[in-house]
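Chain by chain, the residues run as shown.
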Amino acid sequence: MTVLSAGDAMTSLRQAQRAAAPWPYAELDPERLRAAGWRPTPIRDLILKVHQRCNLACDYCYVYESTDQSWRDRPAVMADEIWQAAVDNLARHAAAHGLRRVQVILHGGEPLLFRLDRIERLVAFLHARMPQTTQVRVGMQTNGVLLTRTTVNRLVELGISVGVSVDGAQPDHDRHRRTHSGRGSFTAVVRALDLLREPANRSAYAGILTTVAPDTDPVATFEALSAFDPPMIDFLLPHANWGEPPPAARPGATPYADWLITVFDRWYGRDEPVRIRLFDDILALLLGGASGSEQVGLSPAGMLVVESDGALEQVDALKSAYPGAAATGLDVRRDELDRVFDDAGVAARQLGAQALSSTCQACPVRPVCGGGHYAHRYRPGAGFLNPSVYCDDMRRLIDHVSARVAADLNRAARPEKR
């Protein structure tokens, strides 16, 4: 077997990326961008893929079921030297950029397969190494199956906030989120959420992550999720692109917008409603604020992934585009985090409106939509300089929310009749 040098491997990666995505890899030059005034946004969120395997076999998983199968060649468990190098690298980055806040997110696969004792050592090392002037938050995204009372209690003590993936009511959840033997995981997830809801554990309860499925009842899904009393619900569109369209896509239809609009109308105006990140972000953007996620808005992306073998990569969602779409060719043990800003893909996700297609540039909802999620813009052989594959859905959703807000503002501005 031929083993490529680091330089040869980087050259091979860049050639593959230029062929698969001419924009940005053949057309965007970070050095020229800097000369023109672009200044990279520092990395504030670092995802550690502490365990590369999962105890579930979800049929829509963008890691295991997508075109990029690089997980197969990576260690199942992140070695101590990898996460220690990642923490030290982040600490240097935070000090160099004077960052007041950073977040480390434990991810997988399933991060609880990493084992609680390793997590304890990682968190202790993290707090010991970070600059005293930098606030450190630790998060975890889990499927919830391994969250026992002992584990939850320890996560509370460690100050780790936990997001749980759940897809609504039991039949809908168990249809997609099954064990490798085919059994549904809903019962185990409910047990985990019930633990997190307890008053003593609420500090560790970050919220629920749900993938939008237009073939489910949106109101029933929303009510099922709300019953778990989450601090926040994060509705995500399935990762898709122009080469691999969304599963429910149909010409002339907007099934994802229709589903989300039904939920929005149920949610909007309720007394003390549960937070829904997507709706919160759209409302904030309509009122002149900023977005807190990559689904909407033009905020620069400041997130990186450290894979279990030490590879520095962009967000996992890009794995749904083509093999190597998330890769930078860098390694957390030998490369400083600032080196990622020489990667055209990283730069593209920080350019805001400059990274949008002419169609998006001319769109009246551009400041709110922001072109949609970067991964959803991919077109094979062309790259990412395209509207989102969810363009029609995003436009319909934003127009609907905008109309509701405008109507409320107009009513509030009218003088009361006496």
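Remember, predicted model here, so these are calculated numbers, not experimental data.

## Considering the sheet that holds strand 2 (residues 101-107)
- Strand order in the open sheet formed by 10 strands is 7-6-5-4-3-2-1-8-9-10, with mixed pairing between adjacent strands. Each of the sheet's edge strands pairs with one partner strand only, and the pair in question is strand 7 (275-276) and strand 10 (327-331).
- Relative to strand 4 (residues 160-165), strand 3 (residues 135-142) runs parallel, the two being bridged by 5 bridges. Bridge pairing links Gly-139 to Ser-161 in strand 4.

## Details of the UniProt feature "domain: Radical SAM core" (unreviewed entry) in the chain
- Annotation from UniProt places "domain: Radical SAM core" (unreviewed entry) at residues 38-280.
- Secondary structure across residues 38-280 comprises 36% helix and 16% strand; the distance between its end C-alpha atoms is 29 Å.

## Focus on the packing of helix 11 (residues 277-286) against helix 15 (residues 391-413)
- For the pair helix 11 and helix 15, interaxial distance at closest approach is 10 Å and the crossing angle is 65°. Seen from above, helix 11 lies across helix 15 with right-handed handedness. Of the residues in helix 15, those in contact with Leu-278, Phe-279, Ile-282, Leu-283 and Leu-286 of helix 11 are Leu-397, Ile-398, Val-401, Ser-402 and Val-405.
- A class-by-class count of the residues in the contact of helix 11 with helix 15 yields 9 nonpolar, 1 polar and no charged.

## Structural notes on the environment of Leu-278
- You can see Leu-278 is positioned in helix 11.
- As for Leu-278 and Val-296, which are separated by 18 residues in sequence, their C-alpha atoms are 7.7 Å apart.
- Those residues in contact with Leu-278 that lie beyond four places of it in its chain are Phe-235, Leu-260, Gln-295, Val-296 and Leu-397.

## So, the pattern of salt bridges
- Tallied over the entire structure, the rule returns 35 salt bridges.
- Ionic pairing is found between Arg-349 and Glu-294, a salt bridge with its closest N-O pair at 3.0 Å. Of the two residues, Arg-349 sits in the loop between helix 12 (344-348) and helix 13 (358-361) while Glu-294 sits in the loop between helix 11 and strand 8 (303-306), which places them 55 residues apart along the sequence.
- Assessed through its relative accessible area of 8%, Arg-349 is described here as buried.
- Here Glu-294 falls in the partly exposed class, since its relative accessible area comes to 26%.

## Side note on the pairing of strand 8
- Across 4 bridges, strand 1 (residues 45-49) lies against strand 8 in parallel orientation. If you follow Ile-47 over to strand 8, its bridge partner there is Val-305.
- Bridge count between strand 8 and strand 9 (residues 311-313): 2 bridges; the pairing is antiparallel. Its bridge partner being in strand 9, Val-306 is matched across the sheet by Leu-312.

## Here we look at the packing of aromatic side chains
- Taken as a whole and assessed by the stated rule, the structure comprises 12 aromatic pairs.
- Ring pairing ties together the aromatic residues Phe-264, Trp-267, Tyr-268 and Phe-279, which thus form one cluster.
- Over the aromatic face of Phe-114 sits the side chain of Arg-118, whose NZ or CZ is 5.5 Å from the ring centroid.

## Some words on helix 1 (residues 6-20)
- Across its 15 residues, helix 1 extends 21 Å between first and last C-alpha, which sits within 8% of the 21 Å expected from 1.5 Å per residue.
- Those residues of helix 1 that fall on the buried side of the exposure criterion are Leu-13, Arg-14, Gln-17 and Ala-20. Mapping the buried residues of helix 1 onto a view down its axis gives an arc of 130°, with all of them on the same face.
- Tucked inside the fold, the buried residues of helix 1 contact helix 2 (22-25) and strand 10.

Calculation rules
Residues numbered from 1 in each chain as written. Predicted model: local features only at pLDDT ≥ 70, side-chain atom pairs only at ≥ 80, totals over all residues. Heavy atoms only, no water. Pairing = 2+ DSSP bridges. Helix = DSSP H or I, 4+ residues; strand = E, 2+ residues; numbered from the N terminus. UniProt positions renumbered as here; feature names shortened; annotations may be inferred. Axes fitted to C-alpha atoms, helices over the stretch in contact; angles between N-to-C directions. Left-handed = near helix turned anticlockwise from the far one by under 90°. Contact = heavy atoms within 4.5 Å. Nonpolar A, V, L, I, M, F, W, Y, C, P; charged D, E, K, R; others polar. Salt bridge = Lys/Arg side-chain N within 4 Å of Asp/Glu carboxyl O. Buried < 20%, exposed > 50% of the residue type's maximum accessible area, 1.4 Å probe, protein only. Phe/Tyr/Trp six-rings, centres within 6.5 Å; stacked < 30°, edge-to-face > 60°. Lys NZ or Arg CZ within 6 Å of the ring centre and 35° of its normal. Expected span 1.5 Å × (residues − 1). Arc of directions from axis to C-beta.

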